[in-house]
Amino acid sequence: MQQYQHIRQAAYEANMQLPALGLVIFTFGNVSAVDRQLGVFAIKPSGVPYAELSPGKMVIVDFDGKTVDGQLRPSSDTLTHAVLYKHWEHIGGIVHTHSTYATAWAQSQRDIPIYGTTHADHNTVDIPCAPPMSDAMIAGDYEYQTGFQIMDTLRERGLTYEEIEMILVGNHAPFTWGKTAAKAVYNSAVLESVAQMAYLTESINSNAPRLKDALIKKHFERKHGPNSYYGQ
Ligand SMILES: O=C(CO)[C@@H](O)[C@H](O)COP(=O)(O)O
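Summarised in this report is the structure supplied together with it. Every chain begins its residue count from 1, and numbering advances along the sequence as written. With the structure being a predicted model, the display of local features is reserved for residues of pLDDT at least 70 and the display and counting of side-chain atom pairs for 80 or more, all residues being used for whole-chain, interface and lining totals. In computing side-chain values, all of the structure's heavy atoms are included and hydrogens and water are not.

**Examining the overall build of the protein chain**
Helical segments are the DSSP runs of H or I of at least four residues, strand segments are the runs of E of at least two, and each set is numbered from the N terminus. Helix and strand counts for the protein chain come out as 8 helices and 8 strands. C-alpha atoms define the radius of gyration in this analysis, and the globule rule sets the expected value at 2.2 Å times the number of residues to the power 0.38. In terms of C-alpha radius of gyration, the protein chain reaches 17 Å, essentially the compact-globule figure of 17 Å for 232 residues. Each principal axis of the C-alpha distribution contributes one length, and for the protein chain these read about 55 × 40 × 30 Å. The burial tally for the protein chain puts 51% of its 232 residues in the buried class. Only heavy atoms enter the contact rule, under which two residues are in contact if any of them lie within 4.5 Å. Sequence-distant contacts in the protein chain: of pairs separated by 6 or more residues, those separated by 24 or more amount to 64%. Carbon together with sulfur atoms contributes 53% to the accessible area of the protein chain, which is approximately 10,700 Å² in total. Positive residues here are Lys and Arg, negative ones are Asp and Glu, while His and the chain termini are left out of the count. Note on charges: their place is set at NZ of Lys, CZ of Arg, CG of Asp or CD of Glu. Side chains of the protein chain carry 18 positive and 23 negative charges; the gap between the two charge centres is 5 Å. Relative accessibility decides the category of a residue: with a 1.4 Å probe and only protein chains considered, values under 20% of the type maximum give buried, values over 50% give exposed, and everything between is partly exposed. In short, Shrake-Rupley with a 1.4 Å probe defines the accessible areas, and a residue's cover is counted only from the protein chains shown.

Printed below as a string of structure tokens:
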């Protein structure tokens, strides 16, 4: 349907950036783009290789995860995207990847500490890792519960989804978001780069010190403006 063409195109272009940036292989991961006036988002179809994607194959889904338009099955992570769009009113795009280093930190269930200014350019806190699913959640609807795991973790850390636009999900992999699908893709690439640097930092020096908060503040506000620092 023509009315969804703009978000199909935005979702398609953002999805194609994932293999181009080396963030996914085969059918791993997915990107969605939302239209809040229509109350729907376009998301990658499940199990379709990136080389076979086209804008027309993006599936249109409402905020309850119900398919509104499209011939293919939406991503298996659709309910996670739907929960976040429903509760976080200012996000325009969501990305989920299995990028190697960010996924390794998620599987280790550790936050990614701030070791350098590359990280401090983008976040003033360690990148949080949400706990893995409880037995009860696994028995329920995993993808639906992942959305609440993500929101609960930010809330428990005293963070807002506009301050930090990335998270690791324990035993799973990263999710990122932003005002647009393109910004969410940018955040996924930044997360993977920071995750790799942090891993290598710890492998060179297991006692490497975190960046001092005063320098994190100075560095972040140089890029994002005065009073933009939100602390650890
Ligand atoms: O997290 C997972 C699997 O662990 C998924 O994100 C897959 O990586 C992609 O699934 P589809 O989007 O193709 O259903």
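The discussion continues.
**Observations regarding helix 7 (residues 181–204)**
How far a helix is expected to stretch is found by multiplying one less than its residue total by 1.5 Å. For helix 7, spanning 24 residues, the distance from its first C-alpha to its last is 35 Å, which sits close to the expected 34 Å at 1.5 Å a residue. For helix 7, the set of buried residues is Ala181, Ala184, Val185, Asn187, Ser188, Val190, Leu191, Glu192, Val194, Ala195, Ala198 and Glu202.

**Concerning the pairing of strand 1 (residues 30–35)**
Of all 6 residues that make up strand 1, 6 are buried, and the element is covered over most of its length. Across the two faces of strand 1 the burial is the same, with Asn30, Ser32 and Val34 and Val31, Ala33 and Asp35 all buried. Sheet topology places strand 1 next to strand 2 (residues 40–43); 4 bridges connect them, and they run antiparallel. Residue pairing in the sheet places Ser32 in a bridge with Ile43 of strand 2. Counting the residues between successive antiparallel strands, the hairpin from strand 1 to strand 2 contains 4 residues, one of them, Gly39, with a positive phi of roughly 70°. Pairs of strands are assigned from DSSP output, requiring at least two bridges between the strands.

**Some words on the sheet that holds strand 6 (residues 129–130)**
One open sheet holds the 8 strands; their spatial order is 4-3-2-1-5-8-7-6, and the pairing between them is mixed. The open sheet has two edge strands with one neighbour each: strand 4 (67–69) and strand 6. Here strand 5 (residues 93–96) runs beside strand 8 (residues 174–178); their pairing, made up of 4 bridges, is antiparallel. By the bridge assignment for strand 8, Gly93 is matched with Gly178. Axes here mean lines fitted to C-alpha atoms, for a helix over just the part in contact, with angles spanning 0 to 180 degrees between N-to-C directions. Along the sheet, helix 3 (residues 100–108) contacts strand 6, strand 7 (166–169) and strand 8; its crossing angle with strand 7, the most-contacted strand, is approximately 55°.

**Points about unusual backbone geometry**
Of note, the phi angle at Phe26 is positive, near 50°, even though the residue is not glycine. With respect to the helices and strands, Phe26 occurs in the loop between helix 1 (5–20) and strand 1. Given a relative accessible area of 64%, Phe26 falls into the exposed group. In this structure, Asn171 takes a positive phi of about 60° despite not being glycine. Take Asn171: it is sitting in the loop between strand 7 and strand 8.

**Points about the site of the ligand**
One heavy atom within 4 Å of a molecule or strand is enough for the residue carrying it to be called near that molecule or strand. Close to the ligand lie Thr27, Phe28, Gly29, Asn30, Ser46, Gly47, Ser75, Ser76, Asp77, His96, His98 and His172. Separating an oxygen atom of the ligand from a side-chain N or O atom of His96 is a distance of 3.0 Å. Any pair of nitrogen or oxygen atoms within 3.5 Å is treated as a polar contact; in protein, a donor-acceptor pairing is required on top of that, and neighbouring residues in sequence qualify only through side-chain atoms on both sides. In this structure, an oxygen atom belonging to the ligand sits 2.8 Å away from a side-chain N or O atom of His98. In isolation the ligand exposes 380 Å². Once the protein is present, 78% of that is buried. Residues are grouped as follows: nonpolar covers Ala, Val, Leu, Ile, Met, Phe, Trp, Tyr, Cys and Pro; charged covers Asp, Glu, Lys and Arg; every other residue, Gly included, is treated as polar. Considering only residue class, the shell around the ligand consists of 1 nonpolar, 10 polar and 1 charged.

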